[in-house]
Amino acid sequence: MKKFNKKVLCTLLSVTMLTFLTACGGKDNSAATNTNTDTTAANTDTAAPADTSAPVSKDGSVAVFYYTYGDTYISSVRAALDSALDAAGIKYQDYDSNNSQTTQSEQVTTAISQGATVLVVNLVDTGSDDAAKNIITQANGVPVIFFNRSVSEEAVTSSEKCVFVGTDYEMAGHMQGEMIGNYLLENYDTLDLNGDGTISYVMFKGQEGNAEADARTQYGQEDADAILTGAGKPALSFYDSANSNKYLVDQAGAWSSAAATEYMQTIMSQYSEANNNMVELVIANNDEMAIGAITALQNAGYNKEGATVIPVFGVDATDAARDAIAAGSMIGTIKQDAEGMANTIASITANYMDGKEAFDGVDSANVVGTWRVNIPYATYTGN
């Protein structure tokens, strides 16, 4: 009898342990992940290799990587994209790379290991193709949609399931330069504060090695000069003759208002109407830097009601810039359509999930070849 009880007891214990282990191994991790969480830690789970021949399931999750949540324009894209993905019933996870390519690359590794079925990437490092190609390699057939920050055709076309959604970035510089040149011609005498016949300017550049920043810095000034000289006026004169670059760059590469405020406050301590060398024009690569310059100008008594307005121009048409233009403290900006970019990204994401061609349903007028979509710019002066 004792021997029988031992056998029964052993059998019962074995069945109990097997049941317990099976229950643990069957845990459901398929809950929706459309939460805005900054995730950086590596995950030790491994995902099965992607089946690149089949459509992606909408039961999967889209991983969206932003170069930083701190960029005002990018924040507007994020809000619009979250709404578009929600409306489409697509699960997603947002990641804040905090302006670090190392962090972003680690986040991509984590997302892939957790089974992300589409990667949407606002690349941090645009100075070369290395970061983009590394992400494409990591994806191993998982569709990748790069957006906003430039990625070369060579990098994008290295994968059959990779596209870029951005702008014809040189156009922002050309349009800004044209807007500035025309405004200066119409208001030349009142803007030439020291009456020397030349407009003195400062240029705020968002980041070194960034294609958008390079183009805006070059054409925002060159195209304005072309209009001025074509009308018989002198070209613009950079306020600091010792600065051979003819721009001031945000050293952190963040295109930030704080950097422009600090620069402008330093300028105002040395250049003024009293010294007969006042900066008479501010050109900024984006609205954040434009707003930063306005803050310093207002601290010095300019660009407010009843005061002299130093013309300030930016790019993006953010809410803050629109408000500044309405208040008369800023002259104009170039609209970069955040909602249009977000809706296009969401459409391409859904196409990948449905097994359709990437650009199915996308306005063909904006499609370039088989690898990119350009969202159009527009001039904004509040009129």
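The notes below deal with the structure included here. (Residues numbered from 1 in each chain as written. Predicted model: local features only at pLDDT ≥ 70, side-chain atom pairs only at ≥ 80, totals over all residues. Heavy atoms only, no water.)

## Remarks on the overall build of the chain
Across its full length, the chain carries 11 helices and 15 strands. Contacts spanning at least 24 positions in sequence make up 73% of the contacts within the chain whose residues lie at least 6 apart. On the chain, roughly 17,600 Å² of surface is accessible, and the fraction owed to carbon and sulfur atoms is 49%. (Helix = DSSP H or I, 4+ residues; strand = E, 2+ residues; numbered from the N terminus. Contact = heavy atoms within 4.5 Å. Areas by Shrake-Rupley, 256 points an atom, 1.4 Å probe, with all protein chains shown as cover.)

## What to know about the nonpolar core
Phe204 and Met264 are the most contacted members of the largest nonpolar core, which has 50 residues in total. Once you skip the residues sitting within four places of it in the chain, Phe204 turns out to touch Leu248, Ala260, Tyr263, Met264, Val282, Ile283, Ala284, Asn285, Met289 and Ala293. Tyr66, Val120, Ala342 and Met353 belong to the second-largest nonpolar core, a separate cluster that totals 37 residues. (Core = buried A, V, L, I, M, F, W, Y, C linked by side-chain atoms within 4.5 Å. Buried < 20%, exposed > 50% of the residue type's maximum accessible area, 1.4 Å probe, protein only.)

## Quick word on helix 2 (residues 72–87)
Along its 16 residues, helix 2 runs 23 Å from first to last C-alpha, staying within 8% of the 22 Å computed at 1.5 Å per residue. Listed as buried for helix 2 are Tyr73, Ile74, Val77, Arg78, Ala80, Leu81, Asp82, Ala84 and Leu85. A distance of 2.9 Å separates the backbone nitrogen of Tyr73 from a side-chain oxygen at the start of helix 2, and that oxygen is part of Asp71. Two residues or fewer past helix 2, Gly89 is found with a positive phi of approximately 75°. (Expected span 1.5 Å × (residues − 1). Polar contact = N/O pair within 3.5 Å; in protein donor to acceptor, adjacent residues only side chain to side chain.)

## Details of the pairing of strand 4 (residues 116–121)
Most of strand 4 sits inside the fold, with six of its six residues counted as buried. Sheet analysis places strand 2 (residues 61–66) next to strand 4, joined by five bridges and oriented parallel. Bridge assignment links Ala63 to a residue of strand 4, and that residue is Leu119. The parallel pair strand 4 and strand 5 (residues 144–147) is bridged by helix 4 (residues 130–139), and the resulting crossover is right-handed. (Pairing = 2+ DSSP bridges. Right-handed = clockwise from strand over helix to strand, strands pointing away.)

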